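# Descriptive analysis of the structure
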Amino acid sequence: MTCWFAMSATETDVLRLSNSSASPRQLFASVWECRELITTLARKEFFVRYRRSSLGVLWAAGLPLIQATVLSIVFSRVVRIHTSTSYPVFVFTGMAVWTYFTSTITAGSTSIVDNSGLTNKIYFPRAVLPLVQARANLYGLAINILIVFALAIGFGDGLDAHILILIPATLLLVLLCSAAVLTLSALHVYFRDIRYVVQALFTGLLYLTPVFLPLQRYPSALRHVVLANPATGIVQLFHYAIAGGAADWGHAVLISGAWTVALAIAAVYVHCSRDRVLADLL
Amino acid sequence: MSGSIVVEGVGKQYVKYHDQPMLAHALVRLAARSRTDRLWALRGVDLRIDSGECVGVVGRNGSGKSTLLQLLGGITAPTEGTVTVYGRVAPLISVGVGFHPELTGRDNVFLNGTILGMSRRDIERRFDAIVDFAEIDDFIDTPVKFYSSGMQVRLGFAVAVQADPQVLLVDEVLAVGDFAFQMKCLKRIDEIRTSGASVLLVSHNLSMVERLCRRTVVLHEGTVRYDGPTLEAISTLHALLDDEAQVQAGAVEVVPNVADVTEFAICNGSGTPVNATPTGERLTARVSVAAHRDIERPFVGLTIDGPRGDAIFHQGNRSRPFPPLAAGERRVYEVTWNAQMPTGTYGVRMHLGSIAADDKIAILSEPAPVTLFVQGKLDAHGVIDVEADFAAGD
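Now for a quick tour of the structure. Since the structure is predicted, the reported quantities are computational estimates derived from the model, not experimental observations.

### Considerations on helix H2 (residues 35-49) of chain A
For H2(A), spanning 15 residues, the distance from its first C-alpha to its last is 21 Å, which sits close to the expected 21 Å at 1.5 Å a residue. Along H2(A), the residues classified as buried are A:Leu37, A:Ile38, A:Thr40, A:Leu41, A:Ala42, A:Lys44, A:Phe46 and A:Val48. Buried residues along H2(A) sit in contact with helix H1 (24-33), helix H3 (58-78) and helix H7 (128-154) of chain A together with helix H3 (105-115) of chain B.

### Here we look at unusual backbone geometry
Residues and elements named next belong to chain B. For Glu-221, which is not glycine, the phi torsion reads 45° and is therefore positive. Along the chain, the position of Glu-221 falls in the loop between strand E8 (215-220) and strand E9 (223-229). For Glu-221, a relative accessible area of 59% corresponds to the exposed category. The phi dihedral of Asn-257 falls on the positive side, at around 65°, and the residue is not glycine. Looking at where Asn-257 falls in the secondary structure, it is placed in the loop between helix H8 (230-248) and strand E10 (259-267).

### Description of the sheet that holds strand E7 (residues 198-202) of chain B
All names here are of chain B. Across the sheet, six strands lie side by side as E5-E6-E7-E3-E8-E9; this open sheet has mixed pairing. Here the strands that pair on one side only, and so sit at the sheet edges, are strand E5 (89-91) and E9. Neighbour-to-neighbour, the strand axes of this sheet turn through a mean angle of 15°, independent of strand direction. Here E8 runs beside E9; their pairing, made up of six bridges, is antiparallel. Considered in E9, the bridge of Val-218 is made with Tyr-226. Sheet strands in contact with helix H6 (residues 179-194) are strand E3 (54-58), strand E6 (167-170) and E7, and its direction is about 150° off that of E6.

### A short note on the interface of chain B and chain A
Taken together, the contacts link 51 residues of chain B with 42 residues of chain A. Between chain B and chain A, the buried area comes to about 3,700 Å², and carbon and sulfur atoms account for 62% of it. Taken together, chain B and chain A are joined by zero salt bridges. At the junction of chain B with chain A, the criterion picks out two residue pairs in polar contact (both at pLDDT 80 or more). Here the element with the most residues in the side of chain B that touches chain A is strand E4 (residues 80-86) of chain B; it accounts for six residues. Inspection of the sheet shows strand E1 (residues 14-17) of chain A paired to E4(B) by four bridges, in the antiparallel sense. Considered in E4(B), the bridge of A:Val14 is made with B:Tyr86.

### Overview of the sheet that holds strand E15 (residues 330-338) of chain B
Residue and element names in this part refer to chain B. Across the sheet, three strands lie side by side as E10-E12-E15; this open sheet has antiparallel pairing. Only two strands of the sheet have a single partner each, and these edge strands are E10 and E15. Mean inter-strand twist for the sheet, computed between neighbouring axes without regard to direction, equals 15°. Here strand E12 (residues 282-291) runs beside E15; their pairing, made up of nine bridges, is antiparallel. In the sheet register, Arg-286 faces E15, and the bridge partner there is Glu-334.

Thresholds, definitions, all that
- Residues numbered from 1 in each chain as written.
- Chains lettered and ligands numbered in written order.
- Predicted model: local features only at pLDDT ≥ 70, side-chain atom pairs only at ≥ 80, totals over all residues.
- Heavy atoms only, no water.
- Helix = DSSP H or I, 4+ residues; strand = E, 2+ residues; numbered from the N terminus.
- Expected span 1.5 Å × (residues − 1).
- Buried < 20%, exposed > 50% of the residue type's maximum accessible area, 1.4 Å probe, protein only.
- Contact = heavy atoms within 4.5 Å.
- Pairing = 2+ DSSP bridges.
- Axes fitted to C-alpha atoms, helices over the stretch in contact; angles between N-to-C directions.
- Buried area = accessible area lost by both parts, 1.4 Å probe.
- Salt bridge = Lys/Arg side-chain N within 4 Å of Asp/Glu carboxyl O.
- Polar contact = N/O pair within 3.5 Å; in protein donor to acceptor, adjacent residues only side chain to side chain.

Following this line, the structure appears as C-alpha cells:
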C-alpha cells in the first residue's frame with residue numbers, strides 16, 4: 001500500500017491497492033514524501049488564521065502575552081509564589097508550552113474529519129493532516145519563545161547556556177503532540193465524542209500542569225497527578241532551560257517520554273491499518 | 001509518460017452504520033457487535049486500461065462509478081482484489097481541491113499543486129503555463145473568493161492538466177465552464193492521451209463519452225455489464241435503463257382493458273431492435289397490439305423527446321386511422337422514420353389510441369419509452385441534422 005508520488009520520481013510511480021495493512025516503514029516513507037505538502041498546508045493554516053485582521057500575525061504573539069500578563073498579575077497578588085525566575089517569565093514560559101500543547105491537540109484531533117473536503121477527493125496519507133497542526137503551531141511557539149527571551153532579559157533574569165535544552169525540549173513536545181493527534185484524529189473518525197472529551201480534559205488539565213505553580217508547591221497528594229500529566233515534564237524542561245537552577249525535571253521528563261512512546265505506538269498501529277479507509281466514514 | 005491501470009477481481013464493501021458508533025456504546029458494550037448493513041458497491045470487477053487509451057465508464061446513479069474512481073484515485077482501498085495504477089494520477093474529479101478563498105490565485109496554485117503531488121520547483125516551472133491555460137493572468141494575485149465560479153474551475157483544471165499526469169481520471173467536472181473552455185479542456189485531455197497517458201472518463205453525458213472514447217464500460221449494480229465499443233455500450237446501458245422504466249410505467253391515464261401493447265421496439269434496417277444508431281439511419285418503431293374489444297378506428301402516435309426532455313417531434317395518424325380491429329385480434333403497427341438528429345440521447349414514445357363514433361379520442365395504451373442514443377456527425381450541433389455538405393468552389 002504505497003501511495004504518494006513525488007513529481008521527481010520518474011517511471012516508478014506505481015500505486016498498488018489491496019485489503020492489507022501498510023508496514024510502519026511504508027507509512028513513514030509515504031509521510032516523509034509528503035513533507036513538502038505538510039509544510040505548505042501548515043503555512044496556509046498559520047497565515048490564513050490572521051489574514052483578515054489588521055494586526056495580522058501580531059495576534060499570534062499578542063494573545064498569549066495578554067493572557068500571561070493577566071494571570072501573572074492575578075497570581076502574584078493572590079498568592080505569593082517564589083520561583084527561580086521572576087514570576088511573569090515563569091508563567092509565560094509555561095504558557096508558551098501550554099498554548100502549543102492545547103492548540104495542536106485541539107485542532108489536530110479533529111483534523112481528519114474537519115478536512116473531509118480534502119480527504120474525500122484526493123489521496124495523501126491521512127496522517128499528514130494531524131501533523132500539519134503540529135507543524136503549523138510551531139510558528140506560534142517560536143514567537144512565544146522569542147518573547148520569553150525578551151522578558152527574561154527585560155526582568156533581569158538573563159539567559160545562559162541552559163537555553164540549549166530548548167532544542168530537545170521542543171523536540172519532545174512536538175513528538176508528544178504529534179503522537180497524540182495522530183492517534184486521536186483517527187479515533188475521532190469513528191468516535192465523534194473525542195472532540196468533546198478533549199475539550200473537557202483541557203479545561204482541568206491547565207491547573208494540573210506547573211504553569212502557575214512550581215511543581216514542588218503542589219500539595220503532595222496532588223503532585224502525583226501533576227507528574228502523571230504528559231505535559232508536565234516538558235514544561236519543567238522549558239523552565240529549566242530558561243531559569244537554570246535545580247534540576248528537578250528528570251522524573252517528569254521520563255513520564256512525558258513514556259506517554260510519547262505509548263501514543264506513538266498506538267498512532268503507528270492505527271494509521272498502518274486504517275489510514276486508507278478512514279475516508280469511508282466521513 | 002505512459003500510464004496504465006489494472007483492476008483485478010476488485011470488490012468494495014461499505015459498512016452502513018445504523019447509527020454513528022458512539023464512544024459510550026463502544027465502552028458499554030465492548031463485546032456486542034454494532035448493528036451494521038454491508039453493501040457491495042463494486043464486486044468482481046476486472047478492468048485493464050492501456051497506455052494511450054481513453055475509456056468511458058457509464059451507468060446509472062449508484063452503479064459503482066464513483067467508487068471505481070475513488071479506488072483508482074487511491075482515496076479508498078478495495079475490500080478484495082487489487083488495483084494497480086502505473087503512472088502519476090491526476091484526478092480531475094476534484095479540480096481546485098484545497099483552494100482557500102482568502103489566498104490569492106498564485107498561493108492557491110502552489111497549494112493545490114502540492115496537494116496534487118508536485119514539488120515547489122515543478123510548480124514554479126509550470127506556473128506561466130498554468131496561468132495561461134486558466135486565462136486569468138490579471139487576477140492571479142487576487143484572493144480566490146473574488147473569482148467567479150468559472151474562473152475557479154478554470155484555475156483548478158489548469159493546475160491538474162499542467163501536472164503532466166500519466167493517468168487522468170475525469171468526472172463530470174467538464175460540465176462546468178463555458179463551451180470554449182470545455183473544448184480547450186477536451187483538446188488538452190486528448191493531447192495528454194496521445195502522449196501515452198490513459199484516460200478514464202466517467203460521465204452521464206453520453207455525447208461526450210461517445211466523442212472521446214472508443215471503448216466504454218457499462219457498470220450496473222456494481223458489476224461490469226459490458227466492455228467494448230462505445231456505441232454498443234450505450235445501447236446496452238439504454239436497454240438496462242428501459243428494463244427499469246418498464247417496471248415504473250403505467251403513470252399515464254389510459255382507458256384500460258380495451259387493448260394492450262405487448263411489445264414496443266425501435267428496429268434498424270435489418271429488423272434488429274436497437275438502442276443506439278448513427279444519424280440519418282432509417283428506423284422503424286414497431287408496436288404489437290392485442291385488442292380485447294372491438295376498436296373502430298385505431299391509430300398510433302410517435303413522439304420523440306430531445307436530450308433536454310422536451311418533445312421535439314410528434315406525429316400520429318388520427319386523420320388516417322388504421323382499419324378496425326376485432327376483439328381478440330392481434331396486429332403489428334409500424335412507423336418508419338429517419339433519425340435526422342445530431343448526437344444525443346433521445347426518448348422515443350408511442351401510444352395506441354382510438355377514435356370513437358362521436359370523434360372522441362381515447363388513449364388505450366402507452367408503453368414505456370425506448371431510449372435511443374444517436375451518434376451524430378462530427379461538429380454537428382442543434383436540434384435537427386439537415387445533412388449539410390461542405391464544398392469549396394472553383
